[in-house]
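# Descriptive analysis of the structure
Here's the letter readout for the chains.
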Amino acid sequence: MPHEADYDNLHLPSHIGIIMDGNGRWARQRNMIRTQGHLEGLKTAKKMVKAASDMGISYLSLYVFSTENWKRTADEVGFIMGLVKTHLRGEFDFYRENHIRIRHTGDPAGLPAEIAGELIKVCEDTRNFQGLTVVLALNYGGRDEIVRAVRRLTAKDGGEITEETIRRHLDNPDIPDPDLIIRTGGEFRTSNFLLWESAYAEYIISPKLWPDWTEDDLKSAIYEYQGRERKFGGIPV
Ligand code: FPP
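Here is a short report on the structure shown in this document. Here the structure is a predicted model, which is why all the values come from computation and not from measurement.

### Brief notes about the overall build of the protein chain
The number of helices and strands found in the protein chain is 8 helices and 6 strands. For the protein chain, the α and β elements follow one another from N to C terminus as β-α-α-β-α-α-β-α-β-α-α-β-β-α. In terms of overall dimensions, the protein chain has C-alpha extents of about 55 × 50 × 35 Å along its principal axes. Within the protein chain, buried positions represent 49% of all 237 residues.

Here's what the structure looks like:
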């Protein structure tokens, strides 16, 4: 059984992605409405950002809202967007104190103008912070990101399409690929998260629902990751 206390803080994954699943089920288990689950999920997200920052992780990508999540009820979509807006507006001090830099991945054009505006502002306000970089995936789809990258590439260069030129036109080409992707809530799916970037990521699926996820769970996942042999398509050396 992996034990969180045993993780090696000298060989941390540089970039962790999290598919934060299970908010709705968490609420249903407690006879609450789904939005209560998202409220609790936001609290967990903040705790995990703090934990990752304290541990010295360099990059943390959080799957907040996918290009498919617009299919949910208008009430639920509106609630999540409201949460995101309040969070982005209200947490600057938290980011500053912890030297956290915020980045966005996803299509800003499909977001409500005020959310897109808040995102631009928080990315700008935190851009010189040197600690953890948190990448918020908002109106994000992995296929959509690849399509937008190819469009940018062909519009600008009219040049050669190679893995390297596509990679350079992704949303955050300066950020290294994720080493570890965690999915809570027990489903074995990528759900269109970081499709290009996750080519060689290790996956860890946790049965726990996102609002129940703790700092110790994050450390256990890192410990489990550290026990994996990464071969990148080659043979072990
Ligand atoms: C998946 O659970 C969760 C979401 C689609 C929303 C995630 C958003 C947050 C946790 C807020 C975080 C915000 C920031 C700014 C960090 P689900 O609703 O699909 O759960 P279910 O599978 O149990 O129905």
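### Structural notes on the nonpolar core
With 42 residues, the main nonpolar core has Ile-16, Leu-62 and Leu-218 as its most contacted residues. Top element by residues in this core is helix H2 (residues 34–55). It accounts for 6 residues. If near-sequence neighbours (up to four positions away) are discounted, Ile-16 is found in contact with Ile-57, Tyr-59, Leu-60, Ser-61, Leu-180, Ile-182, Leu-218 and Ile-222. Ile-19, Ala-137, Tyr-140 and Phe-193 belong to the second-largest nonpolar core, a separate cluster that totals 8 residues.

### Here we look at helix H5 (residues 113–125)
Under the 1.5 Å per step criterion, the end-to-end length of H5 is 18 Å for 13 residues, consistent within 8% with the ideal 18 Å. Packing partners of the buried residues in H5 comprise helix H3 (74–90), helix H4 (92–97), strand S3 (101–105) and strand S4 (133–140).

### Digging into the site of the ligand
For the ligand, the set of nearby residues contains 15 residues, the closest of which are Asp-21, Gly-24, Arg-25, Arg-34 and Arg-72. Contact distances for the ligand include 3.1 Å between an oxygen atom and a backbone N or O atom of Gly-24. Within the side chain of Arg-34, an N or O atom sits 2.9 Å from an oxygen atom of the ligand. In a pocket analysis with a 2 Å cut-off to the grid points, the ligand is assigned to the largest pocket. Considering each element in turn, the shell around the ligand owes the most residues, 5 residues, to H2.

### Quick word on empty space enclosed by the protein
Empty space among the atoms becomes apparent when a probe as large as a water molecule is rolled across them. Inspection of every chain in the model, using the stated rule, returns 1 cavity of 30 Å³ or more. Estimated volume of the largest cavity: approximately 150 Å³. Taken together, 16 residues form the lining of the largest cavity, with His-15, Glu-145, Asn-172, Ile-175 and Glu-197 sitting closest to its centre. The class makeup of the residues in the lining of the largest cavity is 7 nonpolar, 4 polar and 5 charged.

### Thoughts on the side chain of His-104
Looking at where His-104 falls in the secondary structure, it is placed in strand S3. The class of His-104 is buried, set by a relative accessible area of 14%. Polar side-chain contacts of His-104 include one of 2.9 Å to the backbone oxygen of Leu-138.

### Focus: the packing of aromatic side chains
Applying the stated criterion across every chain, the model contains 8 aromatic pairs. Ring centres of Tyr-63 and Tyr-140 lie 6.0 Å apart, and the angle between their planes is 80 degrees; this geometry places the pair in the edge-to-face category. Here Tyr-63, found in strand S2 (residues 59–66), pairs with Tyr-140, found in strand S4; they are 77 residues apart in sequence, far enough to count as distant. We note that Tyr-63, like Tyr-140, is buried. Measuring from ring centre to ring centre gives 6.1 Å for Phe-92 and Phe-129, while their planes differ by 35 degrees; the resulting arrangement is tilted. Within this pair, whereas Phe-92 is found in helix H4, its partner Phe-129 is found in the loop between H5 and S4, the two being separated by 37 residues in sequence. For Phe-129, a relative accessible area of 19% translates into the label buried. By way of ring pairs, the aromatic residues Tyr-63, Tyr-140 and Phe-193 are connected into one cluster.

### Structural notes on the sheet that holds S3
Strands sit in the order S3-S4-S2-S1-S5-S6 across an open sheet of 6 strands; the sheet is parallel. The two strands at the open ends of the sheet, each matched to only one other strand, are S3 and strand S6 (202–205). Here the strands of the sheet are splayed against their neighbours by 20 degrees on average, with no regard to which way each runs. Note that strand S5 (residues 180–183) and S6 share 4 bridges and pair parallel. Bridging across to S6, Arg-183 finds its partner in Ile-205. Packing against the sheet, helix H8 (residues 215–226) makes contact with strand S1 (15–19), S5 and S6, and its axis sits at approximately 135 degrees to S5.

Cut-offs and rules
- Residues numbered from 1 in each chain as written.
- Predicted model: local features only at pLDDT ≥ 70, side-chain atom pairs only at ≥ 80, totals over all residues.
- Heavy atoms only, no water.
- Helix = DSSP H or I, 4+ residues; strand = E, 2+ residues; numbered from the N terminus.
- Buried < 20%, exposed > 50% of the residue type's maximum accessible area, 1.4 Å probe, protein only.
- Core = buried A, V, L, I, M, F, W, Y, C linked by side-chain atoms within 4.5 Å.
- Contact = heavy atoms within 4.5 Å.
- Expected span 1.5 Å × (residues − 1).
- Near = heavy atom within 4 Å.
- Polar contact = N/O pair within 3.5 Å; in protein donor to acceptor, adjacent residues only side chain to side chain.
- 1 Å grid on protein atoms, 1.4 Å probe; cavity = no way out; pocket = protein on both sides within 12 Å on 5 of 7 lines; lining within 4 Å.
- Sits in = over half its atoms within 2 Å of the grid points.
- Points joined across faces, edges and corners; volume = space filled by probe spheres on them.
- Nonpolar A, V, L, I, M, F, W, Y, C, P; charged D, E, K, R; others polar.
- Phe/Tyr/Trp six-rings, centres within 6.5 Å; stacked < 30°, edge-to-face > 60°.
- Pairing = 2+ DSSP bridges.
- Axes fitted to C-alpha atoms, helices over the stretch in contact; angles between N-to-C directions.

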